[in-house]
Amino acid sequence: MRTIFGATLLIAALVLPPSCCIAEASTSGLRVATQIYGWNVEWSRQGKNPDQQLPQTLAEARKAGFAAVEGWLNAFSSDERATRFRELLWRNGLVLPSVYHGGNLHQTDAAQRTITTVLEWADRARDFPGLMINFNCAADENKSDAALRLQAQNLNRLGVELQKRGMRLVIHNHTPEMAHNAREFRAMVAMTDPKLVGFCLDLHWVKRAGQDPFEMIRLTSGRIGSVHLRNGNDGVWTEWLGEGNDIDHEKVAPALKRAGFNGLLILELAYEQKTARTKTLLENETRSRQYIENVFFPVPSSPRDAFGGWTKVRHTPSGFFFPQEISGRWWLIDPAGNAFFSKGVNHATFKGDFAPKLGYSPYARVTKKKYGTAEKWAVEAAGRLRRWGFNTIGSWSGPETFTQQMPYTLMLNLGASAGASWLKGTFPDVFSPEFRSKVEARARTLCSSRASDPFLIGYFTDNELRWGPDWRSRKSLLEDYLALPPDAPGKKALIEFLIKKHGKVERVSDVWGISVSDLDSLLKLQQVSNKTAGFREDETDFLKTIAEKYFSVCNRAIRLADPNHLNLGCRFAGYAYKEIIEACASHVDVVSFNSYGSLPPEQKLNEIHSITGRPVMLTEFSFKAMDSGLPNTKGAARPVPTQKHRADGFQRYVEALADIPAVVGYHWFEYTDEPASGRFDGENSNYGLVDINDKPWRILVERMTVVNKAIESRHAD
């Protein structure tokens, strides 16, 4: 056994990840989740069915400040259960990095049944990239040598199959594996392949079985995928993790660092009759999470982390960006667990804008000559943005910018893929099967490959859709849907809405002041000339129905392709009706709003937050100056006189945004000036941080540098 164990350690050393201090480990992986087991025990104690209480369990996990949970693999035991579990995770903004399961792998027939079940259920969880399968082998302190060899072989088999599915297998221990000087545990370390099988150490059970937790950490060095943190002291489960411990977690933290651990910390509270209970489970989960933060994530010395997050306000990391309210102020929490106020720039691209009148992009000619390749340009552009205090690559940026270790957002154009046009104002038939299929296909194409990228903040579903009468059309969406042919799904949905609301065709006819006697005539109706008060009311009510359908279909498509990143909404074009805001509330993580005023629309942003409970982000604003030499005749906002006025406008605007508690960021439009002869839509304005020759507008970027670097302090104050 000693010889095999030594060989295993040598292999583990070869695959050991680079050492880094545990405070900085989140940059490449360290994150925190809570196990739903504690809630299941609590519901059972109250005589309630834990499965029926799952919605409340996940809601409370999020209220306790966790953005990640470890669930059970049997949540994927059927398509129906899997769909329910996914939707509850989405609704609560939770990431699923790990699921727990157990079974017999040391007896031939039973092992085959176990493997078949695990793989069948794992197949239903394939849309959770990098999912860790936390597996506990069937308990038996007296497994024979042959049984242990068979168990190890089956673990390796299972590890191979899970790797094919993009998943990772880790072995979880209780006390039986620690019996007889941890005979079974040591055998699994020695006989399983480090490339296929890792470990989830539960140090509480190690200690309870009389073994040394620190020896087990050393034994599994380089192979620890996760660690269960339990609330035990002298053989009794305590109320919360920080209430005395038979494990000294302040010594565990550096020991795990030395062992190359950079994975998942999982809180698993449990209670028994002897446990003294003074607080609710929600309160105990919350203070246990805070204890984990204090022990495993000491205050960093640098004010900024690798993501551009601000280390003076911290929270438990999930491994991806998520929104969190802290002391009455909303932030995005970055993958390192630090507060992130998104300061972005749109349309950062090597190619710049194509000028139809010229037949080429003038900026692209400059960058091609100056940098040679898009990759070299992207290195310089990202470096500039960091120096100027920005931390986010905004919408419509080139793919070359997504590999610069800088947080970024992505425009999906989901509605546009099914017929919407922000430029022309056309709106798709969101009730048609083609809309759903096209949206899902596009989300799969653009999102699936990015599901594990920690630098991706999230996705915009579309840009500036027309939700009603505006500069692109004076018609309401009800009028657009009314004009559809009788067999169009959207037309049928409108008629169903009207009949459901008014009861019968004759009532619709009365309310609208028209002469329609039967359903067929109503289906053929394509316009109404005299809009009554009843018609206006139906316009408003049907708008919410359309919006609910749009946001639900888009959100589902994104979540199926990528359950880890944020849905940032559709970037409202300076207006958002109450009905649309209400409809999007349960389908987006952040509400995005564009506005080109001299000051941000504070009242509207507060209204959005009040209705949705979601944070808001100002995702497009800018100032253009007449001293730039550009016409500035086409494009949003009135021009200001000079670059100093641009700088003053920027400072005034973003500082006002930072004062709004619900705001989590701003994105400036854009990186490069538009061509003087006009881009595709004729815009010819001085919106850029750099001019068409790639020269920065010095007065503007110098002011941005000062203001951006102080914005988090202002937002927190």
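Keep in mind the model is a prediction, meaning the values are calculated, not measured.

Reading guide: rules and limits
Residues numbered from 1 in each chain as written. Predicted model: local features only at pLDDT ≥ 70, side-chain atom pairs only at ≥ 80, totals over all residues. Heavy atoms only, no water. Helix = DSSP H or I, 4+ residues; strand = E, 2+ residues; numbered from the N terminus. Rg over C-alpha atoms; globule rule 2.2 N^0.38 Å. Buried < 20%, exposed > 50% of the residue type's maximum accessible area, 1.4 Å probe, protein only. Areas by Shrake-Rupley, 256 points an atom, 1.4 Å probe, with all protein chains shown as cover. Salt bridge = Lys/Arg side-chain N within 4 Å of Asp/Glu carboxyl O. Axes fitted to C-alpha atoms, helices over the stretch in contact; angles between N-to-C directions. Parallel < 35°, antiparallel > 145°, perpendicular 65-115°, else oblique. Left-handed = near helix turned anticlockwise from the far one by under 90°. Contact = heavy atoms within 4.5 Å. Pairing = 2+ DSSP bridges. Nonpolar A, V, L, I, M, F, W, Y, C, P; charged D, E, K, R; others polar.

Asks: Just to check I follow, could you spell out the overall build of the protein chain for this structure?
Replies: Summing up its helical and strand segments, the protein chain has 23 helices and 23 strands in all. A globule of 717 residues ought to have a C-alpha radius of gyration of about 27 Å, and the protein chain, at 28 Å, matches this closely. C-alpha extents for the protein chain along the principal axes are approximately 85 × 65 × 50 Å. In the protein chain, which comprises 717 residues, the proportion classed as buried is 60%. With an accessible surface of roughly 28,000 Å², the protein chain has 51% of that area assigned to carbon and sulfur atoms.

Asks: In this structure, what is going on with the pattern of salt bridges? I would like to understand it.
Replies: It is possible for side chains of opposite charge to pair when their charged atoms get near one another. All chains considered together, the criterion is met by 47 salt bridges. One salt bridge in this structure joins Lys164 and Glu161, with 3.1 Å as the shortest N-O distance. Of this pair, Lys164 and Glu161 both sit in helix 6 (residues 145–164), three residues apart, which is roughly one turn of that helix. Note on Lys164: relative accessible area 59%, which makes it exposed.

Asks: Explanation requested: the packing of helix 5 (residues 108–123) against helix 6 in the structure shown.
Replies: For any two helices packed against each other, the geometry is given by the interaxial angle and the distance between the axes. At a closest axis distance of 11 Å, the pairing of helix 5 and helix 6 adopts a crossing angle of 20 degrees. Considering the angle they form, helix 5 stands roughly parallel to helix 6. Between helix 5 and helix 6 lies a crossing whose hand is right-handed. Side by side, helix 5 and helix 6 meet where Thr108, Ala111, Gln112, Ile115, Val118, Leu119 and Ala122 of the first sit next to Leu150, Asn154, Arg157, Leu158, Glu161 and Leu162 of the second.

Asks: Where do I start with the sheet that holds strand 13 (residues 329–333) in this structure?
Replies: The pairing of strands in a sheet happens through backbone hydrogen bonds and is either parallel or antiparallel. The antiparallel open sheet is built from four strands, whose spatial order is 11-14-13-12. Every interior strand has two partners, whereas the edge strands, strand 11 (310–314) and strand 12 (322–326), have only one. Sheet twist, expressed as the mean angle between neighbouring strand axes with direction ignored, is 60 degrees. Judged from the two bridges that link them, strand 11 and strand 14 (residues 338–340) form a sheet pairing that is antiparallel. Among the inter-strand pairings, Trp310 is bridged to a residue of strand 14, identified as Ala339. Running over the sheet, helix 23 (residues 698–716) touches strand 11 and strand 13 and is turned about 135 degrees from strand 13.

Asks: Please clarify how the packing of helix 22 (residues 643–658) against helix 23 should be interpreted in this entry.
Replies: Look at helix 22 against helix 23: their axes get within 10 Å of each other, and the N-to-C directions meet at 10 degrees. Judged by the inter-axis angle, helix 22 sits roughly parallel to helix 23. Of the residues in helix 23, those touching helix 22 at Gln643, Lys644, Arg646, Ala647, Asp648, Phe650, Gln651, Val654, Glu655 and Ala658 are Ile699, Leu700, Arg703, Met704, Val707, Asn708, Ile711, Arg714 and His715. Per-class residue counts for the contact of helix 22 with helix 23 are nine nonpolar, four polar and six charged.

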